[in-house]
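Now for the letters of each chain:
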Amino acid sequence: MILLTTLRGDRFGLNPDLVEELRANGANCVVTMITGRSFTAAEDIDTVHEILHDHRVGLLRAASHPPGESRERPGRPEHSRHHPDHPDYLTPVPDKEH
């Protein structure tokens, strides 16, 4: 759920997976759901977009690091083909002589 604010100042939650459209309505934002129902939020469209974006980023981060799994990058294997000073650089492997 994402939390937004009504024009009266009350907080309400929306399922972000059901958001179909955002429309600016002055300083407010109209959120239309895939069901066709619309909600007016006191937040501006950029803020609602940022809230939706941050929610999705959080889900992706959580999915890529399941509970109990270390968030550190795994160590490189001993036979790494990476240059030690440049972890993203692959050194060429010489061709085998026949």
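So, how was this worked out
- Numbering of residues starts from 1 in each chain and follows the order in which that chain's sequence is written.
- Restriction of local features to residues with pLDDT of at least 70 applies here, the model being predicted, together with a cutoff of 80 or more for giving and counting side-chain atom pairs; totals for whole chains, interfaces and linings are based on all residues.
- Only hydrogens and water are set aside; all other atoms, that is, all heavy atoms of the structure, feed into the side-chain values.
- Exposed residues in this analysis have more than 50% of their type's maximum accessible area, buried residues have under 20%, and partly exposed residues fall in between, with area computed by a 1.4 Å probe over protein chains only.
- Counting from the N terminus, the helices are DSSP H or I runs at least four residues long and the strands are E runs at least two residues long.
- Each pair of strands is called paired provided DSSP finds at least two bridges between the two strands.
- Between the N-to-C directions of two axes lies an angle of 0 to 180 degrees, each axis being a line fitted to C-alpha atoms and, for a helix, fitted only over the stretch in contact.
- Should any heavy atoms of two residues lie within 4.5 Å, those residues are counted as being in contact.

(A) Spatial organisation of the pairing of strand β2 (residues 11–14). Side chains Phe-12 and Leu-14 project from β2 onto a buried face, and the interleaved Arg-11 and Gly-13 project onto a face without burial. Inspection of the sheet shows strand β1 (residues 2–5) paired to β2 by four bridges, in the antiparallel sense. Among the inter-strand pairings, Ile-2 is bridged to a residue of β2, identified as Leu-14.

(B) The sheet that holds strand β4 (residues 28–33), seen in detail. Pairing is antiparallel across the open sheet formed by three strands, whose spatial order is β3-β4-β5. Looking at strand neighbours, the two that pair on one side only are β3 (19–25) and β5 (38–41), the edges of this open sheet. Pairs of neighbouring strands in the sheet enclose a mean axial angle of 20°, with direction left out of account. Direction of pairing for β3 relative to β4: antiparallel, over a ladder of six bridges. Residue pairing in the sheet places Val-19 in a bridge with Met-33 of β4. Together, β3, β4 and β5 form the strand contacts of helix α1 (residues 45–64), whose direction differs from that of β3 by roughly 155°.

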